[in-house]
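An overview of the molecular structure
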Amino acid sequence: MKRPRLSWVASAAAVSLLALAGCSGSGSASAASPKELTVWVMGDSSAHFDELVKPFTDSSGIKVDTVAIPWDSIDQKLTTAVASGKGPDVVQIGLSKLRVFADSGALLKLDDKTLQNYPNLAADKFLDGVAGNATAIGGNVVSVPWVSDTRVLFYRSDILSANGIAQPPATWDELRADAKILTGRGKGRYGYYIPQWDSALPVIMTWCQGGQVVGSDGMINFNTPEFQKAVDVYTGLYADKSVPTNADFDQVQGFTSGIAPMLVSGPYLASAINSAAPDLKGKWSVAPMPAGTANTSLLAGSNMGVWGSSKNVNGALKLLDFLSEPQTQLTFYKLDGQLPTVKAALADPSMTSDPLVTVYTKQLYGAKLLPLVPNWDGETGKALLDALNSIVLKGANRDSTINALFGATNSTSVS
Amino acid sequence: MLITEASPHRTDTAITRTRPPRVRRTGSSGRLVTGAVLGIGALITAFPFAWMVAASLKPRSESVAYPPDLLPKHPTLQFFKQLFSELDFGHYLLNTIAVVAISMVGVVLMAMAGYGFAKFRFRGREPLFFLVLATMMIPVQVTMIPTYLILNGMKLTNTLLGIALPALVSGFSVFLFRQFMSTIPTELIEAARIDGAGEARIFWRLILPLSKPIIAVQIVLTFIASWNSFLWPLIVADDEKLYTLSVGVSLLNRQLATNPSLQMAGATLMVVPILVVFVIFQRFVVQGFTLSGLK
Amino acid sequence: MKNRLAPYAFVAPAVALLLAFGVLPILVAVLVSLTDMNLGGLGDWSRISFIGTENYRRLLSDNEFWQSLTNTGIFAILGVPAVIVVSLVIALLLNRANNRYFRALRSFYFLPAITAIVAIALVWGYLYNTQFGLFNYLLSSVGLPQVQWLSDPIWVKLSVALVAVWRGTGLNIIIFLAALQSVPKEYLEAADLDGASELRKTVSVVIPLMRFAIFFVTITTIIAWLQFFDEPFVLTKGGPLGESTSISLFLYQKGFSASQFGYASAGSVILFVIIAFVTLVQLRARRTDVDH
């Protein structure tokens with residue numbers, strides 16, 4: 001019989017197992033030493049983040065270990081971190097998840113006393129919409145602003161002018177009318193695109209009509225005339241057949257191919273368009289959010305929080321302070337394309353010289369957060385989307401569906 | 001029950017020599033037609049794979065081109081390079097290999113269990129085997145949080161061992177081992193015992209070598225499963241340095257502005273090694289299933 | 001001398017692992033299903049309270065739960081026969097010759113089974129894309145209207161099931177091939193002598209002799225399709241409006257995205273019971289069917 005190759009394999013495996021078992025990831029979850037910090041960074045920004053914090057490490061001697069978390073997986077990571085009590089020191093928190101993080105009890109409270117030694121973290125340094133108590137939950141602030149994101153109107157200037165539209169629409173009613181004209185270009189062509197997963201859009205539309213979605217009692221309240229007007233526009237675009245009805249419509253391709261020459265989206269779309277279709281330069285631009293009585297847009301983005309059981313709270317706060325320096329914010333924008341939240345950075349000449357960025361920053365100043373309810377993505381926002389989508393995609397009765405939505409959401413509170 | 005059914009038609013001691021496969025005498029024209037039909041079927045089946053490879057070589061502007069072209073006009077390896085230089089794929093590759101290596105230990109453990117269930121009679125054998133089978137019916141989502149808590153209690157989170165452990169053993173594979181090993185003639189084992197060999201020696205020196213086909217099967221299946229594993233590496237790794245290829249590929253999925261060529265490059269990187277392994281072990285895989293009495 | 005403890009020593013490591021990572025979690029799930037555990041409760045056990053069978057009551061009156069169960073049933077009815085029949089037919093064809101070409105073909109048919117699901121999602125998501133995907137491009141080039149593969153309530157089930165069938169045949173083809181190769185020649189020659197045609201031989205002689213393999217594949221395939229998760233998760237996230245949500249995906253969404261662990265655990269227990277029931281029914285049926 002052949003020499004037992006298998007026992008060789010088995011021994012090798014056993015040896016490597018022992019070696020590897022000892023080989024845990026370098027740096028445990030929450031750094032034990034005051035000279036280390038573990039930071040959770042979302043998506044593929046971690047390489048840029050590493051570069052960004054080099055000066056911080058040089059000056060403070062604190063080593064920063066970034067862990068990249070896939071966007072789709074943040075729920076799992078958070079759950080298991082909470083379950084085991086082992087989290088990072090600093091964590092990037094997408095604003096739509098802020099409430100979930102806060103409710104988990106895992107974040108450190110960042111009251112005035114804690115922040116008093118860190119001038120860059122003072123509330124008035126940041127955009128009003130997201131500074132200080134704007135993100136307080138249950139009266140507690142548990143994060144500081146990091147990067148911002150907003151929504152503006154993207155449009156194909158070449159296609160619009162070829163169809164007799166000289167200026168991008170300034171109001172939602174104008175947008176609806178323009179979309180209808182553009183849809184008339186032919187089969188398979190649309191005027192606008194409503195993402196079926198975008199729970200922020202109907203809320204933005206409501207704000208633009210001058211309305212709120214949160215009542216004075218702190219409860220969600222969709223039962224307002226402004227919301228009804230927003231629903232009119234939303235369902236109207238579908239009724240006009242100005243928007244595609246499939247769930248897998250690709251924004252970038254849709255815009256670059258001209259199939260959807262108008263979209264509401266964020267700055268990341270601009271960089272995607274530039275790299276996917278550089279020859280479109282000059283044929284497209286951005287404009288402020290169409291208005292109703294106001295042109296209020298969404299304030300999205302990410303904050304940074306400190307893990308409650310972190311063993312290096314001082315180091316974490318120092319890092320947050322560094323990240324809030326105007327220069328750091330500008331550098332990150334250059335590296336990663338995400339907009340600052342620090343007012344001084346937004347007003348910097350390097351930002352205001354870019355015409356696109358000027359539109360973004362103007363939009364940011366008046367932008368608002370989505371309501372900080374216990375679970376916007378999974379419940380309230382989902383209920384809103386399901387209601388609207390069942391009306392426009394399945395032909396459900398508008399009044400009964402909307403009334404059911406009121407009932408399902410009006411006991412959700414933001415505090 | 002189905003497990004203890006004897007296979008009455010097996011009379012030859014097929015284990016000590018490789019049997020030539022039984023080929024039906026089909027006319028050569030019949031074979032030609034069959035071959036053609038299968039060939040077309042194979043092309044259709046493999047088509048998405050071909051698309052993936054082609055797409056990984058397309059520059060970004062071509063990846064959003066419409067109407068779509070199968071072959072890239074200006075093929076580029078830039079995205080593969082990017083995976084290793086900018087993103088940490090070299091690291092992810094090493095981690096994946098390490099997880100696969102640890103999983104191979106699982107193959108040995110399952111072989112042991114299959115042997116125990118097949119060739120020994122002991123108290124609790126039926127209920128234990130039933131439990132083993134029952135684990136096949138447990139939905140993965142159920143196990144995620146309790147398993148994580150167990151790993152945490154064993155201080156195995158953020159280790160490669162912790163990543164490999166939950167999926168180290170599977171009821172399906174234990175079942176296959178048992179099926180196969182029950183066809184090993186007990187006389188051989190008894191003879192070895194009479195010669196004075198200890199149980200461990202019998203296992204290593206007699207049983208395992210005789211089980212090469214099924215072990216080959218298990219190596220391939222385990223390789224595939226642990227190479228592609230996504231869930232446990234993601235959950236158990238606190239540190240990006242422990243991420244495997246699957247997790248790395250999913251990191252490439254930005255929220256909205258994706259880079260299809262880069263993602264396809266990552267995906268291609270994941271498939272090619274497994275394909276190589278399969279092609280090498282292919283012969284043994286079919287043999288292994290054959291001889292395990294699955295007929 | 002036979003060592004009394006030997007069998008236990010052999011069996012112990014694997015069984016211990018299966019108990020720890022398979023059986024124990026389901027027991028934990030049963031416990032948790034009787035509580036209102038959520039994310040906060042996970043971190044701080046004092047925030048958990050016992051609520052008896054409340055979760056089960058809520059589940060049974062949850063439309064999304066029933067929708068996902070129905071979807072899972074539809075998927076299983078579509079997918080399981082498809083996988084078995086396609087795998088069997090291909091295995092029969094592949095078995096007709098044993099030259100290099102035929103052996104090489106096996107690798108092609110196995111490709112879908114070895115490709116990671118993240119990769120599959122990318123490619124098929126592209127192929128199915130309504131505006132820019134290959135399938136609709138082909139349709140439009142012969143003048144047929146576009147199909148909303150992943151958005152139409154009926155098509156989405158077929159599309160998602162197709163990807164899973166494409167993936168699921170690989171391993172089963174190998175199993176059937178193996179079973180075919182152990183069909184004793186004597187039976188086939190006897191049938192030849194009786195003057196049976198090719199098809200007749202296959203149907204009346206070969207397939208009955210493969211009964212066990214077919215049974216094995218059926219059971220494992222049904223179990224797999226009842227736990228259907230990967231394809232809807234990566235292709236549609238269960239959309240649109242839950243039309244392609246399987247029960248596993250529903251549990252995952254409730255358990256992780258919405259962090260309602262008590263609720264999700266109750267659902268998991270129900271799913272486990274369903275799978276166990278279906279499997280046992282098949283085993284029983286097989287038992288009464290054996291006629292050697």
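Here the structure is a predicted model, which means the values were calculated and not measured. In every chain, residue numbers begin from 1 and rise along the written sequence. The naming scheme follows written order: chains are lettered A onward, ligands numbered 1 onward. The model is predicted, so local features are restricted to residues of pLDDT at least 70 and side-chain atom pairs to those at 80 or more, both for listing and for counting; the totals for chains, interfaces and linings are taken over all residues. As a rule here, side-chain values come from all non-hydrogen atoms in the structure, and water together with hydrogens is ignored.

Attention now goes to the interface of chain A and chain C. Pairs of residues are marked as contacts when any of their non-hydrogen atoms sit within 4.5 Å. Listed by partner, the interface residues are 29 residues for chain A and 23 residues for chain C. In total, about 2100 Å² of surface goes out of reach between chain A and chain C, with carbon and sulfur atoms giving 53% of it. In the sections that follow, a salt bridge refers to a side-chain nitrogen of Lys or Arg positioned within 4 Å of a carboxyl oxygen of Asp or Glu. One can count two salt bridges joining chain A with chain C. Elements that contribute at least two residues to the side of chain A that touches chain C include exactly α4 (74-84), α5 (98-104), α11 (251-257) and α18 (376-394) of chain A. Side-chain classes follow a simple rule in which Ala, Val, Leu, Ile, Met, Phe, Trp, Tyr, Cys and Pro form the nonpolar group, Asp, Glu, Lys and Arg form the charged group, and the remainder, Gly included, forms the polar group. For the side of chain A that touches chain C, a count of residues per class yields nine nonpolar, 11 polar and nine charged. In this description, buried area is defined as the sum, over both parts, of the accessible area (probe of 1.4 Å) that is lost when the two are combined. Comment: elements are numbered from the N terminus, with helices defined as DSSP H or I runs of at least four residues and strands as E runs of at least two.

Turning to the packing of aromatic side chains, a few remarks are in order. In this analysis, rings of Phe, Tyr and Trp, with Trp reduced to its six-membered ring, are considered paired at centre separations within 6.5 Å, and the interplanar angle assigns stacked below 30 degrees, edge-to-face beyond 60, and tilted for intermediate values. Scanning the entire structure with this criterion turns up 47 aromatic pairs over all chains. For the ring pair Tyr101(C) and Phe102(C), a centre distance of 5.8 Å and an interplane angle of 85 degrees mean the geometry is edge-to-face. Accessibility here uses a 1.4 Å probe with only protein chains present; expressed as a share of the type maximum, an area under 20% marks a residue as buried, one over 50% as exposed, and anything in between as partly exposed. On the basis of relative accessible area, Tyr101(C) is assigned to the partly exposed category, the value being 40%. Ring plane angle 45 degrees and centroid distance 5.4 Å describe the contact between Trp124(C) and Tyr128(C), whose orientation is recorded as tilted. In this pair, Trp124(C) and Tyr128(C) are both assigned in helix α6 (residues 117-128), four residues apart and thus about one turn of the helix distant. The exposure class of Tyr128(C) is buried, given its relative accessible area of 1%. Aromatic rings pair up to connect Phe117(B), Phe122(B), Phe129(B), Phe172(B), Phe175(B), Tyr8(C) and Phe216(C) into one cluster. Here, over-ring charges are defined by two tests on the NZ atom of lysine or the CZ atom of arginine: distance to the ring centre within 6 Å, and angle to the ring normal within 35 degrees. Lying across the ring of Phe129(B), Arg178(B) places its NZ or CZ 5.1 Å from the centre.

To continue, consider the domain arrangement of chain B. All names here are of chain B. Throughout the structure description, domain borders are defined by an automatic or database domain assignment. Taken domain by domain, chain B holds domain 1 (28-76) and domain 2 (87-292). Contact with domain 1, which involves nine residues of that partner, is made by 11 residues of domain 2. Sorting the residues of domain 1 by area buried against domain 2 places Met52, Ser56 and Arg60 first, and these three jointly supply 57% of that buried surface. Definition of a polar contact: a pair of N or O atoms within 3.5 Å, with one able to donate and the other able to accept a hydrogen when the atoms are protein atoms, and with sequence-neighbouring residues admitted only if both atoms are side-chain atoms. There are one residue pair in polar contact (both at pLDDT 80 or more) connecting domain 1 and domain 2. Secondary-structure elements contributing two or more residues to the side of domain 1 that touches domain 2 are α1 (28-56) and α2 (60-63). Broken down by element, the side of domain 1 that touches domain 2 gets its largest block of residues, five residues, from α1.

The next thing to look at is the side chain of Thr236(C). Residues and elements named next belong to chain C. By the secondary structure assignment, Thr236 is in the loop between α12 (230-235) and α13 (247-257). Exposure remark for Thr236: the relative accessible area of 15% places this residue in the buried category. Non-local contacts of Thr236, meaning those with residues more than four positions away in its chain, are made with Leu150, Val156, Val160, Glu231 and Ser244.

As a further point, take the pattern of salt bridges. Applying the stated criterion to the full structure yields 20 salt bridges over all chains. A salt bridge links Asp103(A) to Arg99(A); its shortest N-O distance comes to 3.2 Å. Pair noted here: Asp103(A) and Arg99(A) are both in helix α5, with a separation of four residues, about one helical turn. Since its relative accessible area comes to 29%, Asp103(A) is described here as partly exposed. Note that Glu231(C) and Arg167(C) form a salt bridge whose closest N and O atoms lie 2.9 Å from each other. You can see Glu231(C) sitting in helix α12 and its partner Arg167(C) sitting in helix α8 (residues 153-181), a full 64 residues away along the chain. Connected via shared salt-bridge partners are Lys382(A), Asp386(A), Glu64(C) and Lys254(C).

With that settled, the discussion passes to the sheet that holds strand β7 (residues 284-287) of chain A. Residue and element names in this part refer to chain A. With antiparallel pairing, three strands are arranged side by side in an open sheet as β6-β5-β7. Looking along the sheet, the strands with just one partner apiece sit at the ends: β6 (262-265) and β7. Going across the sheet, the axis of each strand differs from the next one's by a mean of 25 degrees, ignoring polarity. The pairing of strand β5 (residues 152-156) with β7 spans four bridges and is classified as antiparallel. Bridged to Arg156 within β7 is Trp284. Strand contacts of helix α17 (residues 355-365): β5 and β7, with the helix running at about 20 degrees to β7, the strand carrying the most contacts. Two strands form a pair only when DSSP identifies at least two bridges running between them. Helix axes are fitted to C-alpha atoms over the stretch in contact, other axes to C-alpha atoms as well, and angles between N-to-C directions run from 0 to 180 degrees.

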